[in-house]
Amino acid sequence: MTPDRTALSAGTAGLALAASSAVTRAVVTDHVPGTPVPFTLATLGFAAVSMVGFFLGVLAIWSAIKSWLRDDLLSLRARWGAALGAAAMVLVVAVGPCGPSGCPG
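Note that this is a predicted model, so its numbers are computed, not measured.

Asker: Explanation requested: the packing of aromatic side chains in the structure shown.
Answerer: Aromatic ring pairs are described here by two measures, namely the spacing of the ring centres and the angle between the planes. Per the counting criterion, the structure on display carries one aromatic pair. Their ring planes at 75° and their centres at 6.0 Å tell us that Phe-54 and Phe-55 sit as a pair that is edge-to-face. By relative accessible area, Phe-54 is classed as partly exposed at 23%.

What follows is the structure in structure tokens.
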């Protein structure tokens with residue numbers, strides 16, 4: 001698979017996983033603020049889906065850069081892949097375990 005197609009595929013998959021981790025966050029964050037999150041299957045699933053979405057975003061951006069270095073031209077597919085990958089990474093960071101306010105301490 002060419003790097004620009006890889007960028008688009010990874011960006012799309014990363015954004016889909018990041019969005020699904022936003023849905024599972026509601027299951028994970030029903031505890032009292034300030035207390036440690038109990039280790040459950042839901043927290044493990046949330047962490048796994050979030051991290052895979054983030055790493056697919058990184059792969060999308062890397063594949064777009066690789067495509068650009070190979071062809072000296074950033075194709076439309078590679079641009080979309082990089083944009084979707086960046087959106088996936090931002091979404092994972094914004095929805096992370098502490099939310100947009102950041103982790104305390």
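Asker: I keep staring at helix H3 (residues 76-95) and nothing clicks. Help me out?
Answerer: Every α-helix winds through 3.6 residues per turn, so residues three or four apart in the chain are directed the same way. Helix length check: H3 (20 residues) gives 28 Å between terminal C-alpha atoms against 28 Å at 1.5 Å per residue, within 8%. For H3, every residue scored as buried is listed here: Ala-78, Gly-81, Leu-84, Gly-85, Ala-88, Val-92 and Val-95. Along the axis of H3, the buried positions cluster into a sector of 135°, meaning they face one direction only. With respect to the buried face of H3, the exposed residues turned more than 90 degrees away are Leu-76, Trp-80, Val-90 and Val-93.

Asker: Explain helix H2 (residues 41-71) here, please?
Answerer: In a regular helix each residue adds 1.5 Å, so 31 residues correspond to 45 Å; H2 covers 44 Å between its end C-alpha atoms and thus fits that length. Thr-43, Phe-46, Ser-50, Gly-53, Gly-57, Ala-60, Ser-63, Ala-64 and Ser-67 are the residues of H2 that are buried. Remark: Asp-72 follows H2 within two positions and exhibits a positive phi of approximately 55°.

Asker: It is not clear to me how the environment of Ala-87 should be interpreted in this structure. Could you clarify?
Answerer: Assignment of secondary structure puts Ala-87 in helix H3. Ala-87 gets classed as partly exposed once you look at its relative accessible area, which sits at 33%. The sequence separation of Ala-87 and Leu-15 amounts to 72 residues, and the corresponding C-alpha distance is 6.7 Å.

Asker: Sorry, what's going on with the side chain of Ser-67 here?
Answerer: Along the chain, Ser-67 falls in helix H2. For Ser-67, a relative accessible area of 2% translates into the label buried. Excluding anything up to four places from it in sequence, Ser-67 contacts Pro-3, Asp-4, Asp-72, Leu-73 and Ala-78.

Asker: Sorry, what's going on with the environment of Gly-14 here?
Answerer: Mapped onto the elements of the fold, Gly-14 is located in helix H1 (residues 3-28). On a C-alpha basis, the gap between Gly-14 and Phe-55 in space is 7.5 Å, while along the polypeptide they are 41 residues apart. With residues near it in sequence (within four places) discarded, Gly-14 still touches Gly-53, Leu-56 and Ala-88.

Asker: Mind showing me how you'd approach a nonpolar patch on the surface here?
Answerer: A cluster of nonpolar side chains, namely Leu-59, Trp-62, Ile-65, Trp-68 and Leu-69, defines an oily patch on the protein surface of about 520 Å² accessible area. On the basis of relative accessibility, which here comes to 44%, the residue Trp-68 falls in the partly exposed class.

Asker: Help me understand the confidence of the model for the protein chain in this model?
Answerer: Low pLDDT means the predicted coordinates in that region are not meant to be read closely. Chain-level statistics for the protein chain give a pLDDT mean of 78 and a share of 75% at 70 or above. Mean pLDDT across the secondary structure elements of the protein chain bottoms out at H1, with 81, and peaks at H3, with 87.

How each quantity is defined
- Residues numbered from 1 in each chain as written.
- Predicted model: local features only at pLDDT ≥ 70, side-chain atom pairs only at ≥ 80, totals over all residues.
- Heavy atoms only, no water.
- Phe/Tyr/Trp six-rings, centres within 6.5 Å; stacked < 30°, edge-to-face > 60°.
- Buried < 20%, exposed > 50% of the residue type's maximum accessible area, 1.4 Å probe, protein only.
- Helix = DSSP H or I, 4+ residues; strand = E, 2+ residues; numbered from the N terminus.
- Expected span 1.5 Å × (residues − 1).
- Arc of directions from axis to C-beta.
- Contact = heavy atoms within 4.5 Å.
- Patch = residues over 30% accessible without salt bridge, like charges linked within 9 Å, V, L, I, M, F, W, Y side chains within 5 Å.
- Areas by Shrake-Rupley, 256 points an atom, 1.4 Å probe, with all protein chains shown as cover.
- Salt bridge = Lys/Arg side-chain N within 4 Å of Asp/Glu carboxyl O.
- pLDDT = per-residue confidence, 0-100.

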